[in-house]
Amino acid sequence: MSVKKIAILGSTGSIGTSTLSICESFPDRFQPVSLAAGRNLDVAVAQCKQWRPRLVSMATEELADQLAARLRSEGVTGIDVVHGTAGTVAVATLPEVDFVVSAIVGVSGLEATYEAVKAGKDIGLANKEALVAAGELIIAEARRNKVALLPIDSEHNAIHQCMRGGTAAEVKQIWLTASGGPFRSTPLDLFASITPAQALKHPTWVMGQRITIDSATMLNKGLEIIEACRLFDLPPAKVQVTIHPQSTIHSLVEYVDGSILAQLSVTDMRLPILYAMAYPERIPSELTFDMKSLSQLDFQQPDFARFPCLRLAYEAAEAGPAHCIALNAADEIAVAAFLEGRIPFLGIPRTIESVLQLTKPGHPASIQAVLTADHEARQLAREVALGQAATH
Ligand SMILES: NC(=O)c1ccc[n+]([C@@H]2O[C@H](COP(=O)([O-])OP(=O)(O)OC[C@H]3O[C@@H](n4cnc5c(N)ncnc54)[C@H](OP(=O)(O)O)[C@@H]3O)[C@@H](O)[C@H]2O)c1
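Residues numbered from 1 in each chain as written. Predicted model: local features only at pLDDT ≥ 70, side-chain atom pairs only at ≥ 80, totals over all residues. Heavy atoms only, no water.

Describing the site of the ligand
Here's step 1: Close to the ligand lie 23 residues; Thr 12, Arg 39, Asn 40, Glu 129 and Asp 153 are nearest.
Here's step 2: Contact between the ligand and Asn 40: an oxygen atom at 2.9 Å from a main-chain N or O atom of the residue.
Here's step 3: Separating an oxygen atom of the ligand from a backbone N or O atom of Val 105 is a distance of 3.4 Å.
Here's step 4: When the free accessible area of the ligand is taken as 890 Å², the share hidden by the protein chains comes to 84%.
Here's step 5: Taken together, the elements giving at least two residues each to the shell around the ligand come down to helix H1 (14-25) and helix H6 (128-145).
Here's step 6: Partitioned by chemical class, the residues of the shell around the ligand number nine nonpolar, ten polar and four charged. (Near = heavy atom within 4 Å. Polar contact = N/O pair within 3.5 Å; in protein donor to acceptor, adjacent residues only side chain to side chain. Areas by Shrake-Rupley, 256 points an atom, 1.4 Å probe, with all protein chains shown as cover. Helix = DSSP H or I, 4+ residues; strand = E, 2+ residues; numbered from the N terminus. Nonpolar A, V, L, I, M, F, W, Y, C, P; charged D, E, K, R; others polar.)

Given below as structure tokens:
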């Protein structure tokens, strides 16, 4: 059995470290050979010492120089250190890499993911922003190069698994489950005073900061709606959302004959990562779910008044790629402004809505055009957020 050589984009993050823990559990199956980190030098040094990858990238030249110096001083040799977007692309397209885990947060990992697809690498896609911003381009390229795009996002991973039970034409609709976040039953009149500390407390998952806030506003589910449309070639009307606080069912596929298939498992991202890395095989693991402890599964329909970001995401999905880019970019700026205490929690949907209203429909035809549209939407979002900060 050959060892799959793995590139990890975002190796120092939550998904990146979970991926390395899978490599640690299955050393005869997966070997990390190239890593891309952002700014976390200490973790990057520790990963280099443990894994001795061939190639490592840091976000900036200065950080790359610091990493190289630290490795030299600790006697760690044989690792090339690169930086920036070109460095991330080099990590993703290293010839010996078989499989790329795309887990950089935001659009920073977009070019590397796209270039990896072009280079014919199979991809485990955690980074939903890539599909939201450039889904049409990435999917077209993946089809052209016969590349497997395996979702790591737990809901899409569940859909991928349930889709193995029928053909695409037999799918009536899909159901993405959502935990509802920490404010599922908070009285609406308290929403105006929600603090970053409250929003960063997710009831079931431990994740990076942006995705945690996005879970609290449910914009995360909104991005997942768009991601599902792209991955499974479905119109927004066939992508439903149901709130399921236990997060035991990760998503469901409803078939035309009335059968609904669901995927249940532990709430541990290592499982979807393992599924994607091992696909089409299933590897025995210790990530078992205790069926005997299962006593209750609750569901409720999402309320657009409580979660306006969900409505905005459906609207963007219907409006097309330019609006999806704007949705993602405006949210990233608004979340940062909220975390810095510059705008209130409800300022996040207000910022996104204003930016969407100012966005013209369009289909960017290249990654560069996507990045330009993203840049413009960010600029707009900053101006809108600034206006809100002045009155906050
Ligand atoms: N965590 C989850 O459970 C989960 C579930 C589903 C989907 N996702 C998706 O997976 C992606 C990653 O999420 P996460 O929770 O792992 O985020 P995270 O913990 O914040 O990690 C983000 C990673 O991206 C790296 N990064 C940031 N900017 C970079 C840049 N300019 N160049 C290179 N690397 C950069 C960070 O590096 P440094 O830390 O070194 O700065 C870190 O390794 C997101 O798109 C998220 O929506 C996550």
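Moving on, there is more to tell.
So, the nonpolar core
Here's step 1: Residues Ile 138 and Ile 174 are the most contacted members of the largest nonpolar core, which totals 56 residues.
Here's step 2: Here this core takes eight residues from H6, the largest share from any one element.
Here's step 3: Split by domain, this core shows at least three residues from each of two domains, domain 1 (4-147) and domain 2 (320-392).
Here's step 4: Each residue touching Ile 138, except ones within four places of it in the same chain, is listed here: Leu 110, Tyr 114, Val 117, Ala 130, Leu 131 and Leu 149. (Core = buried A, V, L, I, M, F, W, Y, C linked by side-chain atoms within 4.5 Å. Buried < 20%, exposed > 50% of the residue type's maximum accessible area, 1.4 Å probe, protein only. Domains from an automatic or database assignment. Contact = heavy atoms within 4.5 Å.)

Section: the sheet that holds strand E9 (residues 239-243)
Here's step 1: If you walk across this open sheet you meet the four strands as E9-E8-E10-E11, and the pairing is mixed. Here the strands that pair on one side only, and so sit at the sheet edges, are E9 and strand E11 (260-264). Sheet twist, expressed as the mean angle between neighbouring strand axes with direction ignored, is 20°.
Here's step 2: Both strand E8 (residues 171-178) and E9 contribute to a ladder of five bridges, which runs parallel. (Pairing = 2+ DSSP bridges. Axes fitted to C-alpha atoms, helices over the stretch in contact; angles between N-to-C directions.)

Details of the domain arrangement of the chain
Here's step 1: What the domain assignment reports for the chain is domain 1 (4-147) and domain 2 (320-392).
Here's step 2: Each of domain 1 and domain 2 has a C-alpha centre, and the two are 27 Å apart.
Here's step 3: Each side of the interface is counted separately: domain 1 has eleven residues, and domain 2 has 14 residues.
Here's step 4: Both sides of the domain 1 and domain 2 interface together cover about 990 Å² of buried area, and 71% of this is carbon and sulfur.
Here's step 5: Counting the contacts that link domain 1 with domain 2 gives zero salt bridges.
Here's step 6: The interface formed by domain 1 and domain 2 holds one residue pair in polar contact (both at pLDDT 80 or more) in total.
Here's step 7: If you list the elements that add at least two residues to the side of domain 1 that touches domain 2, you get helix H5 (110-118) and H6.
Here's step 8: Per element, the largest residue contribution to the side of domain 1 that touches domain 2 is six residues, and it comes from H6.
Here's step 9: Among the residues forming the side of domain 1 that touches domain 2, the class breakdown is seven nonpolar, one polar and three charged. (Buried area = accessible area lost by both parts, 1.4 Å probe. Salt bridge = Lys/Arg side-chain N within 4 Å of Asp/Glu carboxyl O.)

Describing the UniProt feature "domain: DXP reductoisomerase C-terminal" (unreviewed entry) in the chain
Here's step 1: Within this structure's numbering, the places UniProt gives as "domain: DXP reductoisomerase C-terminal" (unreviewed entry) are residues 264-379.
Here's step 2: A helix fraction of 55% and a strand fraction of 1% characterise residues 264-379, whose end C-alpha atoms lie 41 Å from each other. (UniProt positions renumbered as here; feature names shortened; annotations may be inferred.)

With respect to the sheet that holds strand E3 (residues 55-58)
Here's step 1: The seven strands lie next to each other as E4-E3-E2-E1-E5-E6-E7, forming an open sheet whose pairing is parallel. Across the chains shown, the open sheet's two edge strands, defined by having one partner strand only, are strand E4 (80-83) and strand E7 (149-151). Across the sheet, the axes of successive neighbouring strands diverge by a mean angle of 25°, strand direction being ignored.
Here's step 2: Bridge count between strand E6 (residues 122-125) and E7: three bridges; the pairing is parallel. If you follow Gly 124 over to E7, its bridge partner there is Leu 150.
Here's step 3: Contacting strand E1 (4-9), strand E5 (99-102), E6 and E7, H5 crosses the sheet at an angle of about 150° to E6.

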